[in-house]
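Listed below are the residues making up each chain.
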Amino acid sequence: MAVGIFDSGLGGLTVWQAVRAQMPDLAIHYLADSAHAPYGVRDAEDIHRLTKAAVERLWASGCDLVVLACNTASAAALRRLQEAGVPEGKRVLGVFVPLIEALTERDWGDNSPPREVQVKNVALFATPATVSSRAFQRELAFRAIGVDVEAQACGGVVDAIEDGDMILAEALVRSHVDALKRKMPAPQAAILGCTHYPLVEDVFQKALGADVKVFSQPKLVAASLADYLERRPEMLGAGETNMFLTTGDPKRVSDRATQFLRRQITFEAA
Ligand code: DGL
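Computed from a predicted model, the values in this text were never measured in an experiment.

Looking now at the overall build of the chain. Assigned secondary structure in the chain consists of 11 helices and 12 strands. Relative to the 2.2 N^0.38 estimate, which gives 18 Å for 270 residues, the radius of gyration of the chain is 18 Å and therefore close to what a compact globule would have. A principal-axis box enclosing the C-alpha atoms of the chain has dimensions of 50 × 45 × 35 Å. A total of 270 residues make up the chain; the buried ones form 56% of that total. Of all intrachain contacts in the chain linking residues separated by at least 6 positions in sequence, the fraction that spans at least 24 positions is 76%. For the chain, the computed accessible surface area is about 11,700 Å², with 52% contributed by carbon and sulfur atoms. Put simply, the chain has 29 plus and 34 minus side-chain charges, and the middle of one group is 2 Å from the middle of the other.

Here it is as structure tokens:
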């Protein structure tokens, strides 16, 4: 039985790692659309087309439930995929609702009207496509009132991480945090709205300062997935084995994944 996890590239492995830690026996098929990463500089139409193809690939490999471990795909394609209707018995879920529920002190699926929450000034770091979609602000407005969100599109960070150039990724993070602080000098909380960013979370935290609470997705998504599967065990799917698939060069992607997770990860061609 397998659950699908999808990202444009390696960032979703941060979610994979947390899900693996939370549910060691769960079979997972991970798909990285490395040939088309990064998604964050593409338009919504393109992101929808690529995400749809990736989700269908995972459904075909035996996953009934696919998690978009990619905020860019969640922001630009999830709603459209769900509204178009998915095949009988299949589901696709995104990653930013668990994060926003944590930020707004809500339990899973609490759909009560928006209310005042403790945090008032929030910095959002995400890809250009996620920022321009305003999907975070929309989801937040369903749950909270009076929260000021300042978004920073972090151009270049995903490319640098995919290329394994962590010195460049870290320098870019510091300059994006500086740019954010010029617009919002004292955020109380920061959202890492891209699954690649947990790989440089300590750089965000250091640049923001210790008093800024940084919200990162992997553990929140893993906990919410565990909760979902407990309530919906029929969504475990038909696949049995673990798999790492990529549309890119399996050797190159395996080397980078192994470097990031500090464990052997072997990708095969999708
Ligand atoms: N990890 C993806 C996200 O969460 C990266 C997007 C990209 O490919 O630019 O947004």
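Moving on, we get to helix α11 (residues 250-261). End to end, α11 covers 16 Å across 12 residues, agreeing with the expected 16 Å (1.5 Å per residue, within 8%). Looking at the packing, one finds that the buried side of α11 touches α1 (13-22), α7 (157-162), α8 (166-183) and β11 (243-246). After α11 finishes, the residue Arg262 shows a positive phi value of roughly 55°.

Let us now look at the layout of surface pockets. Here the largest pocket is characterised by a volume of approximately 630 Å³. Every residue lining the largest pocket is counted, 26 residues in all, and those nearest its centre are Leu78, Gln82, Leu93, Gly94 and Val97. Those elements that provide at least two residues to the lining of the largest pocket are α3 (71-84), β4 (91-93), α4 (96-103), α6 (135-141) and α10 (217-231). Tallied by class, the residues present in the lining of the largest pocket amount to 14 nonpolar, six polar and six charged. Computed from the structure, the second largest pocket encloses a volume of approximately 390 Å³. Lining the second largest pocket are 16 residues, and of these Thr14, Gln17, Pro198, Leu199 and Phe260 sit closest to its centre. The set of elements that each furnish at least two residues to the lining of the second largest pocket consists of α1, α10 and α11.

One open sheet holds the four strands; their spatial order is β8-β6-β9-β10, and the pairing between them is parallel. Two strands in the sheet have a free side with no partner beyond their single neighbour: β8 (148-153) and β10 (213-215). The sheet shows a mean angle of 20° between the axes of neighbouring strands, taken without regard to direction. Of the pairings in the sheet, the one linking strand β6 (residues 121-126) to strand β9 (residues 189-192) comprises four bridges and is parallel in character.

This part takes up the nonpolar core. The biggest cluster of nonpolar side chains holds 55 residues, and the ones touching the most others in it are Phe125 and Leu229. Broken down by element, the residue count for this core peaks at six residues, all from α10. Counting residues in each nonpolar core, the second largest holds 23 residues, with Trp59, Ala76, Met243 and Leu245 among its members.

Taking 1.5 Å per residue, 18 residues should reach 26 Å; α8 reaches 26 Å between its end C-alpha atoms and fits that length. Of the positions making up α8, those classed as buried are Met166, Ala169, Val173, His176, Val177, Ala179 and Leu180. Here the buried residues of α8 occupy an arc of 160° about the axis, which is enough to place them on one side. Exposed side of α8, more than 90 degrees from the buried face: Ile167 and Arg182 are the residues found there. Among the structural elements, β6, β8, α7, α9 (201-208) and α11 are those in contact with the buried residues of α8.

About the criteria used
Residues numbered from 1 in each chain as written. Predicted model: local features only at pLDDT ≥ 70, side-chain atom pairs only at ≥ 80, totals over all residues. Heavy atoms only, no water. Helix = DSSP H or I, 4+ residues; strand = E, 2+ residues; numbered from the N terminus. Rg over C-alpha atoms; globule rule 2.2 N^0.38 Å. Buried < 20%, exposed > 50% of the residue type's maximum accessible area, 1.4 Å probe, protein only. Contact = heavy atoms within 4.5 Å. Areas by Shrake-Rupley, 256 points an atom, 1.4 Å probe, with all protein chains shown as cover. Lys, Arg positive; Asp, Glu negative; His and termini not counted. Charge placed at Lys NZ, Arg CZ, Asp CG, Glu CD. Expected span 1.5 Å × (residues − 1). 1 Å grid on protein atoms, 1.4 Å probe; cavity = no way out; pocket = protein on both sides within 12 Å on 5 of 7 lines; lining within 4 Å. Points joined across faces, edges and corners; volume = space filled by probe spheres on them. Nonpolar A, V, L, I, M, F, W, Y, C, P; charged D, E, K, R; others polar. Pairing = 2+ DSSP bridges. Axes fitted to C-alpha atoms, helices over the stretch in contact; angles between N-to-C directions. Core = buried A, V, L, I, M, F, W, Y, C linked by side-chain atoms within 4.5 Å. Arc of directions from axis to C-beta.

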